[in-house]
Amino acid sequence: MSDRWVAVLAGGLSHERDVSLRSGRRLSAALRSVGMTVAEWDADARLLSRLTEERPDAVVIALHGGEGENGSVQAVLDMLGIPYVGTGPHASRRTWDKPTAKAEVARAGLTTPDWVALPHATFRELGAQAVLDALVSKLGLPLMLKPDQGGSGLGAQVVRDAAGLPSAMVGALSYGDAVLVERFIEGTEVAITVVEGPDGPEALPAVEIEAADGVYDYTARYTAGLTNYRSPADISADTAAAAGELAIAAHKLLGLRDISRTDAIIDTDGVPHFLDAKVSPGLTETSLLPMAVEAAGRSLGETYAGLVERAIKRGG
């Protein structure tokens, strides 16, 4: 049991507000179950005054998208000198931008699908069809399209026919100013949670994801029954070890801290390919991190309580 009191930040104004609120409620309940006093605060105009006047022992960020993952809230907490669980502002910003994160891991020799990232202006100025034709020529089909920033699968679509590219492009760009276009790899989609402890970062058992329509988008993530999960994933021991090594390597390379989640696709040869990483993974009833924690024989409350202690020891 603990006498710590913690502020859980959830909500915010991103497209993922509702998911964040659900994550915050579950995390708060988990922390209370191990004896912590918990306040649930929204990331709104009252937040700064609350932080300075009430000053919690530590903050846990359950914000998804926008300020919760792009380093903005983390920078404010650093300025106030308040300890918090999670990655610092600079590494959060680098990871939040998917093309930047992919470039980092590719430069380090980690496997990631070939990609092109283009801003909306490129399609307008150079002609949408000409650019789309060049993308297909470069990367082939099928393709995965997603906004260059953001999470929860918003705007993500698989395109198997060139005729579907224009609408998919519009869908992705409705959630951001640029689109990330990746070569789609057929295989097994997994998520690997990395938790830091006394002996360094540790990969928890991978969670396998099987969406009903083959695309793990927003609806598939947060609608019960539309996705099947296997935790641990139904993969060989060697493949599971390789996926864990990939996630730990990405965690270290991107400068992530305390806890992160790496999403990957395992091809038919058993090779894991880095897709992206999350500095504030979801904690809802259908989220992947809690499944990994349970598969590791741990509780969510104990896991985050340990991270709170790390944050406090580290200081603000």
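Each remark here, short or long, concerns the structure printed above.
Below is a short write-up of the structure. Everything numeric here is computed off the predicted structure, so don't read it as measured data.

The rules we used
Residues numbered from 1 in each chain as written. Predicted model: local features only at pLDDT ≥ 70, side-chain atom pairs only at ≥ 80, totals over all residues. Heavy atoms only, no water. Pairing = 2+ DSSP bridges. Helix = DSSP H or I, 4+ residues; strand = E, 2+ residues; numbered from the N terminus. Contact = heavy atoms within 4.5 Å. Axes fitted to C-alpha atoms, helices over the stretch in contact; angles between N-to-C directions. Buried < 20%, exposed > 50% of the residue type's maximum accessible area, 1.4 Å probe, protein only. Salt bridge = Lys/Arg side-chain N within 4 Å of Asp/Glu carboxyl O.

### Observations concerning the sheet that holds strand E1 (residues 5-9)
- Strands sit in the order E2-E1-E3-E4 across an open sheet of four strands; the sheet is parallel. The strands lining the two open edges of the sheet, one partner per strand, are strand E2 (37-41) and strand E4 (84-85).
- Sheet topology places E1 next to E2; five bridges connect them, and they run parallel. By the bridge assignment for E2, Leu9 is matched with Trp41.
- Relative to the sheet, helix H1 (residues 17-33) contacts E1, E2 and strand E3 (58-61), its axis offset from that of E2 by approximately 170°.

### A look at the pairing of strand E14 (residues 272-278)
- Of all seven residues making up E14, seven are buried, and the element is well covered by its neighbours.
- As paired elements, strand E13 (residues 259-266) and E14 share six bridges and run antiparallel to each other. Directly across from Arg261, in E14, lies its bridge partner Lys278.
- Here E13 hands over to E14 after five residues, with Gly270 in that stretch at a positive phi of 85°.

### Thoughts on the pattern of salt bridges
- Counting across every chain of the model gives 19 salt bridges.
- The closest approach of N and O atoms between Asp44 and Arg46, which form a salt bridge, is 3.1 Å.
- A relative accessible area of 29% means that Asp44 is categorised as partly exposed.
- Residue classification places Arg46 among the partly exposed residues on the basis of a relative accessible area of 48%.
- With a closest N to O distance of 2.9 Å, Glu208 and Arg230 form a salt bridge. One end of the pair, Glu208, is in strand E11 (residues 207-211); the other, Arg230, is in strand E12 (residues 227-230), and 22 residues separate them in sequence.
- Linked by salt bridges that have partners in common, Glu196, Asp258, Arg310 and Arg314 make up one network.

### Observations regarding unusual backbone geometry
- Omega for the bond connecting Leu141 with Pro142 falls within 30 degrees of zero, at 0°, which places this linkage in the cis form.
- Mapped onto the elements of the fold, Pro142 is located in the loop between helix H7 (128-139) and strand E6 (143-147).
- Residue Pro232 is bonded to the preceding Ser231 through a cis peptide linkage, with omega at 5°.
- Relative to the helices and strands, Pro232 resides in the loop between E12 and helix H10 (237-253).
- Positive phi, normally seen in glycine, also occurs at Asp258, with a value near 70°.

### Things to note about the sheet that holds strand E5 (residues 115-119)
- Spatially, E5-E8-E6-E7 is the arrangement adopted by the four strands of the open sheet, whose pairing is antiparallel. In this open sheet, the two edge strands, each paired with only one partner strand, are E5 and strand E7 (157-159). Looking at each pair of strands side by side, their axes are set apart by 25° on average, direction ignored.
- Pairing between E6 and E7: three bridges, direction antiparallel. Considered in E7, the bridge of Met144 is made with Val158.
- Each of E5, E6 and strand E8 (178-183) touches H7; the most contacted strand, E5, lies at about 165° to it.
- Docked against the sheet, helix H8 (residues 165-173) engages E6, E7 and E8, running at close to 25° with respect to E6.

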